Every structure is written in structure tokens, then in C-alpha cells.
Amino acid sequence: MDTGERASRTDAVRGAAWAAPAVLVTAAFFLLPLAVMALWSLWTRTAGGVDRTLTLANYARFFGESALVAALFNSLETAALVTVVSLVVGYPVAYALAFHVPARWQRLALVLAILPFWTSYVVRSYAWLLVLAPNGVVNQTLIGLGLTEGPVRIAYTMTATVLGFTHFFAMLVALTVYAGLKRINPRLLLAARDLGAGAVSTFLRVTLPLSVPAIATSAFLTFVLAIGDYITPQILGGNTSLVLPQAILFQIGRRGDVPMASAMSLVLMAVILVACLVALRATRTEPAR
Amino acid sequence: MTLPQSLALHGVGKRFGAATAVADASLEVPAGSYVVLLGPSGSGKTTLLSIIGGFTAPSEGRILIGGADVTAMPPAQRPTATVFQDYALFPHLSVAGNVGFGLAVRGVRKAERRLRAEAALDLVGLAGFGDRMIAALSGGQRQRVALARSLVVEPAILLLDEPLGALDLHLRRQMQDELKALQLATGRSFVHVTHDQEEAMALADIVVVMNRGRIEDAGPPARVYARPATRFAAGFMGESTLIEGTVRGRDGERLAVTTADGEFRLAADAHTGAAGAAVAVAIRPERLRLAPRPGDVTVATATVSETVFQGGFVRVKARSEAGTLLLAKVPPEEAPAAGARITLFAAAGDLVLIPGDPA
Amino acid sequence: MMPRRLARALGWAAVLGGFYVFVYLPVAVLVLFSFQDGRLPVPPFNGPTLAWYGKVLGNGRLLEAAWNSVVVGVGSSMVATLLGFLAAYGLARHRVPGRRLIHAALVLPLTVSYLVIGLGLLVTFNAAGLPKSLLAVAIGHLVINLPLCFLVAAAQMGPAEARLEQAARDLGASEWQVLTRVALPLALPSLFAAFCLSFTLSWDEFVIAFLLTNFDVTLPVVIWSMLRTGLNPETNAAGTLVFAVSLLLVAGAELVLARRGRAAR
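Everything numeric here is computed off the predicted structure, so don't read it as measured data.

Asker: Would you take a moment to explain the interface of chain A and chain C for this structure?
Answerer: By a widespread convention, an interface's size corresponds to the accessible area lost as its parts come together. Listed by partner, the interface residues are 76 residues for chain A and 76 residues for chain C. In this assembly, chain A packs against chain C so that about 6,500 Å² is buried in total across both faces, 83% of it on carbon and sulfur atoms. Interface area lost by chain A to chain C is led by W18, W118 and Y126 of chain A, which between them contribute 13%. Joining chain A to chain C, the criterion identifies ten residue pairs in polar contact (both at pLDDT 80 or more). By residue number, the principal contributor to the side of chain A that touches chain C is helix α1 (residues 3–41) of chain A, which donates 21 residues. In the side of chain A that touches chain C, the residues fall into 59 nonpolar, 14 polar and three charged.

Asker: Looking at this structure, how should I read the interface of chain B and chain C?
Answerer: Between chain B and chain C, the residue contacts involve 22 residues of the former and 17 residues of the latter. Summed over both partners, the interface of chain B with chain C buries about 1,800 Å², with 64% contributed by carbon and sulfur atoms. On the surface where chain B and chain C come into contact, there are one salt bridge. Across the salt bridge formed by D86 of chain B and R163 of chain C, the nearest N and O atoms sit 2.6 Å from each other. If you list the elements that add at least two residues to the side of chain B that touches chain C, you get β6 (80–83), α3 (101–104) and α5 (139–151) of chain B. Of the residues assigned to the side of chain B that touches chain C, the class counts are 14 nonpolar, five polar and three charged.

Asker: Is there a simple way to think about helix α1 (residues 45–53) of chain B in this case?
Answerer: Each full turn of the α-helix corresponds to 3.6 residues, which orients residues three or four apart in the same direction. All names here are of chain B. Of all nine residues in α1, eight are buried; the element is thus mostly enclosed. Along α1, the residues classified as buried are K45, T47, L48, L49, S50, I51, I52 and G53. Of the residues one or two after α1, G54 is the one with positive phi, at around 95 degrees.

Asker: When you look at the pattern of salt bridges in this model, what are you seeing that I'm missing?
Answerer: Between side chains of opposite charge, a pair can form as their charged atoms come close. Enumeration according to the criterion identifies 26 salt bridges over all chains in this entry. When the shortest N-O distance is used, the salt bridge between K180 of chain B and D205 of chain B registers 3.2 Å. With K180 of chain B in helix α6 (residues 169–186) and D205 of chain B in the loop between α7 (197–203) and β9 (206–211), the pair connects residues that are 25 residues apart, well separated along the chain. Residues joined in a network through salt bridges with shared partners are R45, R61, E65 and D257 of chain A.

Asker: Looking at this structure, how should I read the UniProt feature "transmembrane region" (unreviewed entry) in chain A?
Answerer: Residue and element names in this part refer to chain A. The UniProt record marks residues 18–42, 79–98, 110–134, 154–181, 202–227 and 260–280 with the feature "transmembrane region" (unreviewed entry), using the residue numbering of this structure. When the span residues 110–134 is considered, its composition is 68% helix and 0% strand, and the gap between its end C-alpha atoms is 33 Å. The annotated region residues 154–181 carries 86% helix and 0% strand content, and the separation between its end C-alpha atoms amounts to 35 Å.

Asker: Teacher, can you tell me more about the pairing of strand β13 (residues 262–267) of chain B here?
Answerer: Within a regular strand, the side chains alternate between the two sheet faces. Residue and element names in this part refer to chain B. Where strand β12 (residues 254–259) and β13 come together, six bridges link them in antiparallel fashion. Looking at β13, one finds that L255 is bridged to L266. The hairpin turn running from β12 into β13, its antiparallel successor, is two residues long.

Calculation rules
Residues numbered from 1 in each chain as written. Chains lettered and ligands numbered in written order. Predicted model: local features only at pLDDT ≥ 70, side-chain atom pairs only at ≥ 80, totals over all residues. Heavy atoms only, no water. Contact = heavy atoms within 4.5 Å. Buried area = accessible area lost by both parts, 1.4 Å probe. Polar contact = N/O pair within 3.5 Å; in protein donor to acceptor, adjacent residues only side chain to side chain. Helix = DSSP H or I, 4+ residues; strand = E, 2+ residues; numbered from the N terminus. Nonpolar A, V, L, I, M, F, W, Y, C, P; charged D, E, K, R; others polar. Salt bridge = Lys/Arg side-chain N within 4 Å of Asp/Glu carboxyl O. Buried < 20%, exposed > 50% of the residue type's maximum accessible area, 1.4 Å probe, protein only. UniProt positions renumbered as here; feature names shortened; annotations may be inferred. Pairing = 2+ DSSP bridges.

Have a look at this one:
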């Protein structure tokens with residue numbers, strides 16, 4: 001009577017065989033490199049090459065050197081700011097699209113909102129540079145309107161980085177929250193109105209709580225993608241207040257310090273991991289289904 | 001091509017963890033029978049069908065088709081074919097592509113495939129539908145395509161999982177007749193799962209009543225209806241009045257049963273009725289009448305609590321002095337009023353002895 | 001006095017209008033000043049010229065990089081789609097011990113920044129003595145796209161598809177026939193979508209390509225190097241061209257999916 005057992009074993013082998021190539025690729029080109037990087041982070045660079053004694057010196061140096069700690073805090077500050085601003089900009093847009101645009105125009109409105117993002121990422125950051133440059137569109141308009149005397153310094157500051165990030169992530173938030181809002185049963189909103197809740201009260205007591213999962217998802221995505229990005233801060237933020245990815249590439253490119261860059265990469269990964277765990281906790285407290 | 005073959009289950013059981021889905025199911029089905037597995041949801045009828053089809057491995061017991069043990073055989077090799085509840089038609093293939101699928105995977109050539117698929121479609125009344133896409137069909141048409149797809153591979157036994165469940169009532173009765181005709185035409189055994197007892201009675205040569213993973217009763221529908229083996233079979237295959245009692249003793253061919261409504265003497269099977277055993281006396285509602293005929297026994301005197309006009313008859317609910325609920329179907333012109341005191345009679349042979357304690 | 005409904009409608013219109021201006025502003029400026037008759041892509045606009053486009057189309061390095069991007073994108077996306085599908089099929093249809101762990105491992109790269117993935121590959125390839133190359137970039141893009149393709153394919157492996165595969169087995173299909181005649185055709189539309197998504201991400205990916213290439217580079221890397229010349233209408237023209245090509249591809253993919261969708265209906 002072992003037929004069931006034997007069948008389940010061949011079944012397991014078959015399933016494993018289908019999954020094997022993907023697992024091998026992930027192991028060889030993702031997990032192994034992480035392990036190699038972890039090993040390198042415990043070595044140190046010397047004048048002549050690499051000292052292979054295992055030490056936490058790189059981590060100690062990272063947290064001891066104010067410029068590097070500052071990069072970590074710049075990253076956290078930028079990502080947090082981008083998350084909040086993107087939610088503040090994106091949520092009302094999603095709400096307006098879901099409830100104040102006729103149903104048959106909504107798809108077109110969404111397509112139009114995504115359209116500009118088919119430019120290359122690098123080009124998009126460059127385009128913001130055109131807008132924010134001292135002699136760019138914004139400054140020339142401000143001066144033309146007589147609002148300022150000389151050009152306002154926006155390009156190559158953290159403000160420009162946040163603005164450039166918000167451009168993309170506000171769209172992402174709007175899309176995610178829109179999908180969340182459309183999943184709310186419209187009868188719930190009618191029921192709330194029927195029971196005497198005003199528009200504001202309905203929003204605060206029904207719509208907003210029901211859109212929390214979409215808010216959490218988009219906030220998590222925004223934070224994690226923004227904190228790991230190199231392009232936008234490098235093009236728009238310049239070299240004034242470096243974020244962690246810039247500092248990592250600086251270690252590699254200018255100083256050739258692979259062990260230090262590895263250690264910093266692991267710190268960056270740890271930050272993202274913490275964000276993941278926080279997000280996981282936040283979504284777990286949601287009522288199931 | 002497989003010939004019609006018999007089906008036998010020997011002590012088949014299936015446990016999912018601690019839950020028992022099917023327990024000790026044994027059944028003998030001659031070739032060319034229409035078998036209906038009847039039971040409420042969760043009774044194990046679908047699991048049993050899935051075990052016969054080879055989709056679920058039984059925890060114990062054996063399945064024999066045409067005398068050969070197929071217990072360890074995967075579905076692809078079993079001489080069975082299944083019509084799934086949602087039909088499981090391939091949306092990426094045309095009607096002909098669906099019907100010809102089983103032939104294609106056997107390496108049957110295109111020209112022959114085409115012919116046999118067309119013949120199968122003809123059999124189910126869909127001649128000329130071959131080029132349609134599945135999405136363009138109605139529910140009833142999909143049902144027929146699913147039938148044709150399973151029949152074209154000429155299975156020894158066709159398995160049908162609630163095949164009429166998704167159809168509306170009118171279509172269901174029509175398809176019911178067509179299924180029966182199809183089974184007779186092909187001469188193969190059909191094993192059909194349903195929870196609809198009318199469907200079961202209309203179709204089955206053998207009805208198998210299931211409850212909580214067990215086979216409660218199995219036999220021709222007329223027998224199962226008239227003389228159900230268990231309390232559950234009595235209740236699920238239509239309604240019954242149940243009068244609870246205990247066996248007082250055996251009197252030759254007859255068994256004396258003491259109840260709160262008096263003593264009854266019933267024909268007894270050899271294996272039922274040790275003195276003191278709890279039993280029930282069951283009577284079908286259409287067997288109860290208000291005026292006695294020669295040879296009738298008095299069942300009970302009762303007060304009518306409710307009458308419901310149902311067209312050809314009136315359904316009467318009444319409560320006896322001992323508190324037993326009685327159900328009777330009487331002609332409209334004889335119907336008593338609510339509150340009236342009535343006496344109910346029945347032929348002695350219509351009283352059925354059912355063993356066991358009340359559930 | 002203005003009716004309250006009208007005021008409210010105007011308010012929402014302002015929210016949406018402001019958002020669309022914000023979203024379109026940089027792209028509009030980019031495109032407009034790609035036609036700038038002058039050396040600086042900033043106001044005032046001096047009138048249209050196609051000179052910069054001529055310069056871009058004469059830029060062999062740019063065109064070569066664009067072709068490299070296509071090759072890397074198509075190659076890595078095809079492999080990612082195939083491996084993702086196979087893994088999703090294996091894990092969804094067979095009871096593999098530890099499948100939750102395998103699932104998690106396959107999705108894990110999504111939570112890691114591209115920079116870290118690129119750096120890890122750089123360090124590892126260095127240690128193994130492998131040179132920087134487009135192949136290395138393609139491997140990097142395979143790593144970032146495999147989780148997405150896997151998830152898209154896994155989403156297509158629901159109970160409805162499982163029943164269809166069961167029906168195929170019941171009708172006598174072998175495991176291979178189940179895969180090629182049922183599972184794969186059913187998954188095809190979503191695999192196409194996964195391929196398009198994957199290609200888009202590869203086409204646009206900068207950091208990994210930047211770290212893993214030397215001489216043969218991809219399009220984002222060339223554009224990056226063009227930024228060193230500062231604000232320049234030629235960069236505008238190159239960016240506008242990339243934008244136009246992307247839009248054409250998206251429209252083409254939409255058309256294919258729409259036609260398939262209509263055929264299925």
C-alpha cells in the first residue's frame with residue numbers, strides 16, 4: 001500500500017526538476033555573489049591589495065566616519081521624505097480618478113498618467129535637470145513673474161532629488177491606491193451615506209481605512225526603491241549631500257575599496273530588510289481578506 | 001478501444017490528515033450500469049469519484065475495473081474518463097480541438113481525429129459546431145462538448161462530477177434524459193455524482209446514498225426509496241415519518257416494535273432486530289391515508305398542525321398524542337383543516353424497519 | 001453664488017490638472033528643446049531645427065549601444081520568462097518539499113537594490129577572473145527579472161488551470177503533453193506580458209550595466225556618458241528618440257495583447 005508514498009516522491013522529483021534551472025541561476029548569480037560580498041566586507045584594503053584577515057574593521061569605520069554615517073542618514077531622510085510627499089500627492093489623484101472621473105475615461109486617464117514614464121530613467125532625471133537648472137524653465141518663469149530677483153538654487157540639492165523621485169513614485173502611489181479604491185464595494189460607501197455619514201465622514205470612516213493596504217504597499221515600494229537608487233540622486237542631487245548608493249560607488253570608482261563598498265552594500269541591504277519586516281508586520285495586522 | 005467493463009470497490013478509504021473523507025466503501029457495479037453517487041456536500045461522493053478516476057490515491061482499499069486492479073494506475077492510463085463539474089474545457093482550443101484532444105495525445109492522425117470528433121459531436125447533438133471557440137458556447141453546449149470529449153476516447157467507465165449542477169432547472173431535466181439515452185446508446189457504465197435526489201431516481205440503475213464518507217445504502221432507486229436501509233437514506237431520498245421505538249421480540253417472520261404511538265408488527269430481515277434494540281418505523285408520506293383499506297394498520301391518531309397545497313396533493317403535517325411528527329400526502333378533496341383530529345392508516349407492508357438510534 | 005457641486009468638481013479638476021502638469025512638465029521640456037535651434041536646451045525657444053536629430057542618428061556609438069540593449073534585453077528576458085515559467089509550473093503542480101522556501105529564495109532578489117546585485121556580480125566575476133561584458137550584464141538582468149517572470153507565471157497557475165491539466169491527463173496526455181499542449185498555451189498571454197515587462201526593465205537598467213561593462217555598453221550607459229557634457233540639445237534628441245521607440249514598442253505589445261484577448265473572447 002505504498003503507492004501513495006512512491007507517487008508523491010516521483011512527483012516531488014519532477015517538480016524539483018522543473019524548478020531547478022531557476023533555482024540554480026538564483027543560487028549562482030544572486031546568493032553566491034551576496035556571500036562573496038559578505039566575505040569581502042570582512043577583509044580590508046591595503047596599499048598593495050587586500051588583507052584577507054577577517055575583521056569587522058570596515059563596519060567600525062563606516063559607523064565611525066561622519067561622512068559615511070551622514071550618507072546613511074541622507075538616504076533615510078530622502079527615502080522617508082519621498083514616501084510621504086508621494087503619498088500626499090498621489091492619494092488625492094487616485095481618489096479623484098476613482099470617484100470623480102467618469103468610468104469610461106478612467107482607463108485613458110491612467111494610460112496618460114503612465115505615458116511619460118516610458119522615457120528612459122536616466123533621460124527622465126536629465127529632463128528634470130532641464131526644468132530645475134539655474135537658467136531652466138522654473139527659474140526663468142519665476143524671474144519673469146518677478147517672484148525672485150535671481151535664480152533659485154534647486155538643481156543639485158536634496159530638494160531636486162526628492163522632486164525627481166516624487167515624479168515617479170507619486171504616479172506609482174496613484175496607480176496602486178487607485179486599484180485599491182476600485183476594489184472597495186461601492187455599496188459600502190452608499191451604505192455609509194445612507195446611514196447618515198457626510199462625504200468627509202464617509203471618507204475618514206470607510207474609504208480611508210479600506211485603502212490602508214494599498215497605502216502600505218505603495219509606501220513600502222517607494223521607500224525600498226528610493227533608498228536603493230543611484231541615478232536620481234547622482235544626476236539631480238549632485239555631490240553636496242551624498243546618499244548611500246552614491247557613497248558606495250564612490251568607494252568603488254574613486255578609491256577602489258571593494259571591501260568597504262561591500263560592507264556598505266550590506267548595510268544598505270540591512271536597512272531595506274528592516275523596511276521589509278516593518279511592512280510585513282504592518283500588513284499582517286490588517287484584517288485577513 | 002475499450003469495451004464496457006465492470007467496476008468494483010473493495011474497502012476503499014481516504015483520510016486527509018485527521019479527517020476521513022471516505023471510509024470502507026465497497027461496491028459492485030456490472031458493466032453498462034448507470035450508477036449515481038448521491039449525498040449532501042461533504043458526504044465524500046466527489047472524493048470517491050476522484051479515487052475511481054485516479055486523481056486521488058486512496059489511503060486503503062482496491063479499485064478493480066474489468067477485474068484488473070487499477071489502484072496504482074494514473075488517470076492517463078485508466079480506462080476511465082471524467083466530465084468535470086466546470087467541464088474543464090480548454091479555452092485555447094476550438095470545439096473540435098477539445099473533442100479531439102484525447103485522440104491527439106494518443107497519436108491518432110488528423111484526418112481520423114476529425115472524423116471521430118465529428119461523430120462524437122453528432123452523438124451529443126452538436127454536429128457542425130467543431131470550429132467554434134469554447135467561449136462562444138452556452139452552458140448546455142459546453143456540457144455536451146465535455147461529454148463528447150470524454151466519450152471520444154471510448155472509456156470503459158465515464159465519470160461525471162455534478163455534470164448538471166451549473167444548468168438551470170429546465171435544461172437540467174432535458175440533459176438528464178439525454179444522458180440516460182447516451183448511456184444506453186454507448187452501453188458503457190456511467191458513474192454520476194449529484195446531490196439532487198430527483199436526478200438520482202430518474203437516472204440510476206444503482207443509486208449509492210452517501211453520508212459522512214460512508215455508503216449508507218446502495219441498490220435500485222425503487223428499492224432504496226421504498227425500503228431504505230438507514231435513517232439517513234430514508235431522510236435524504238425524499239421525506240418519511242419516523243416513529244422511534246425498541247424491538248420487543250421476534251414472532252416468527254415478524255418483529256414486534258414498541259413505540260410511544262403503540263405497538264407495530266413488521267416484516268423483519270434476518271439480521272435486524274435483537275430484543276431491546278433501538279429502531280425506527282418509517283412510512284413514506286404518500287403511503288399514509290385518512291381512510292383505512294382492508295388489511296391496513298392504524299399508524300396514529302394526531303392533530304393537524306399545518307397543511308400546504310402543492311398542486312396534485314396536499315402535504316399534511318400532524319402531531320400524534322405521543323408527540324411524533326407525521327407527514328402525509330393526501331388528495332386535495334380529502335384534505336383536513338388545521339387543528340382537525342385525524343387518524344392515519346397504512347398497509348402493513350409499507351411500514352419499514354430502520355435499525356439504529358436517532359442521530 | 002457658485003453651486004457647491006460645481007466648486008467641488010472644479011477642485012478635483014485642479015488636483016488632476018496639477019498632477020498631469022507635474023507629470024508631463026519634464027517630458028514636454030525634453031521634447032521641445034530637442035528641436036532647439038541653439039546650443040542650450042533652455043528657454044527661450046529659438047525655433048525648430050532637426051539638426052540635433054541628425055547628429056544623434058550619425059552617432060555610431062549610440063546606435064551600437066541601442067542594438068546591444070536590444071540583444072541583452074531580448075536574451076535575458078527570454079531566459080527569465082522560460083525559467084520563471086518552468087519554476088512556477090514545477091512548484092504549483094508538484095508537491096516539492098520546502099517549496100515555500102524555494103519560492104521565497106526565487107523572489108528574494110526583488111528586495112535587493114540593483115546596485116547591490118550589480119556590485120555582487122562585479123566582485124564575484126572579478127574573483128573568478130571573468131571579464132566585464134554584455135553577457136555579464138545579461139546575467140545581471142536575468143537575476144533582476146527572474147523573480148518578476150516567476151511571479152507573473154505563478155499567478156497564472158490557479159486551480160482553474162490545474163483542473164484543465166487534470167482533464168488533459170484524464171484524456172491520456174503524458175506529462176510532457178500536458179506541459180506543451182495545455183499549460184504552456186494557457187500561460188502564453190501572461191508569459192508575453194512578463195517578457196515585455198522584463199524587456200522594458202532591462203532596456204532601461206543603468207547601474208548593473210554601468211558596473212559590468214567596459215567598451216561594449218548599453219544605451220542607458222551611453223546616455224549617462226552624454227550627461228557629462230552638461231545640458232545639451234543632442235541629449236534631448238537622443239532621449240526623445242528613446243522615448244518614441246519605447247512608445248512604439250508599448251503600443252505594439254498592447255495591440256498584440258488586445259488582439260489575443262479579443263480572439264479568446
